[in-house]
Amino acid sequence: MADDVTIFHNPSCSKSRQTLALLQDAGVEPEIVLYKQAPPDRATVERIVRGIDVEPSKLVRRDPEFKESGLTPADVETEEQVIEVLLAHPALMERPVVVQGDRVVLGRPPENVQALLS
């Protein structure tokens with residue numbers, strides 16, 4: 001069973017709520033980080049970006065704030081660029097992100113977290 005699991009969660013996001021429910025239904029009580037209220041520090045962002053199981057640029061939401069911030073896809077091509085963007089604009093982090101040890105999974109779709117439960 002998974003332990004020491006952290007979810008970077010946005011309760012207003014249905015996928016984030018579904019992922020949290022999936023973890024809890026599996027008996028996992030993760031540490032819940034409301035990243036919009038308590039943005040992660042540089043070390044945490046680096047750990048997420050370097051450990052994610054997808055292209056790091058997928059961690060950055062391309063929503064209206066992305067455009068309003070003057071960002072373009074060229075601004076999130078490298079790991080370091082993604083880290084800098086997420087530090088400057090924590091609300092742009094795709095959600096949810098689930099961390100267990102050195103494994104990091106993007107919960108889109110929520111079923112992706114099953115990889116951490118086995």
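Below is a summary of the structure that appears in this document. Every chain is numbered on its own, with residues counted from 1 as its sequence reads. In keeping with the predicted nature of the model, local features appear solely for residues at pLDDT of at least 70, side-chain atom pairs appear and are counted solely at 80 or more, and the whole-chain, interface and lining totals rest on all residues. As a convention, hydrogens and water are excluded, and side-chain values are obtained from all of the structure's heavy atoms.

Turning our attention to the overall build of the protein chain. Each helix is a run of H or I in the DSSP string that is no shorter than four residues. Each strand is a run of E no shorter than two, and both are numbered from the N terminus. Scanning the protein chain from N- to C-terminus turns up 5 helices and 4 strands. Shown N-terminal to C-terminal, the secondary structure of the protein chain runs as helices and strands in the order β-α-β-α-α-α-β-β-α. Radius of gyration means the value over C-alpha atoms here, while the globule rule gives 2.2 Å times the residue count to the 0.38 power. For 118 residues, the compact-globule formula gives about 13 Å, and the C-alpha radius of gyration of the protein chain, at 14 Å, lands near that figure. Each principal axis of the C-alpha distribution contributes one length, and for the protein chain these read about 40 × 25 × 25 Å. Exposure is judged per residue with a 1.4 Å probe applied to protein chains only, and the accessible area is read against the type maximum: over 50% gives exposed, under 20% gives buried, and values in between give partly exposed. The buried share among the 118 residues of the protein chain stands at 46%. Of the contacts made within the protein chain by residues no fewer than 6 positions apart, 66% connect residues no fewer than 24 positions apart. Any pair of residues with heavy atoms lying within 4.5 Å of one another is described as a contacting pair.

The next point concerns the nonpolar core. In this structure, F8, I48, L59, V60, L86 and V97 are the most contacted members of the largest nonpolar core, which totals 22 residues. Per-element tally for this core: the top contributor is helix α4 (residues 79-88), with 4 residues. Not counting residues up to four positions away in its chain, the partners in contact with I48 are F8, L59, M93, V97, V99 and V104. If you look at the next biggest cluster of nonpolar residues, it comprises 11 residues, including V5, L22, V105 and L116. Throughout this description, the term nonpolar core refers to a set of buried Ala, Val, Leu, Ile, Met, Phe, Trp, Tyr and Cys residues connected via side-chain atoms within 4.5 Å.

Moving on, we get to the packing of aromatic side chains. Here a pair means two rings of Phe, Tyr or Trp (six-membered ring of Trp) with centres within 6.5 Å. Their orientation is stacked below 30 degrees between planes, edge-to-face above 60, and tilted elsewhere. Tallying each qualifying case throughout the model produces 0 aromatic pairs. Over the ring of F66 we find R62, and its NZ or CZ is 5.3 Å from the ring centre. Look at NZ for Lys and CZ for Arg. If either is within 6 Å of the ring centre and within 35 degrees of the ring normal, a charge sits over the ring.

For this document, the term salt bridge refers to a Lys or Arg side-chain nitrogen within 4 Å of an Asp or Glu carboxyl oxygen. Counted by the stated rule, this structure contains 9 salt bridges. Here R42 and E46 are joined by a salt bridge, their closest N and O atoms 3.4 Å apart. Residue R42 and its partner E46 are both found in helix α2 (residues 42-51); the two are separated by 4 residues, about one turn of the helix. Judged by relative accessible area, which is 22%, E46 ranks as partly exposed. Across the salt bridge formed by R61 and D63, the nearest N and O atoms sit 3.6 Å from each other. What you see here is one network of salt bridges that share partners, running through R42, E46, R50, E79, E80 and E84.

Our next topic: the pairing of strand β4 (residues 103-106). Direction of pairing for strand β3 (residues 97-100) relative to β4: antiparallel, over a ladder of 4 bridges. Note that in β4 the partner of V98 across the bridge is V105. At least two bridges found by DSSP between two strands is the condition for calling them paired. In textbook terms, the turn of a hairpin is the stretch between consecutive antiparallel strands, and for β3 and β4 this stretch comprises 2 residues, one of which, G101, has a positive phi near 60°.

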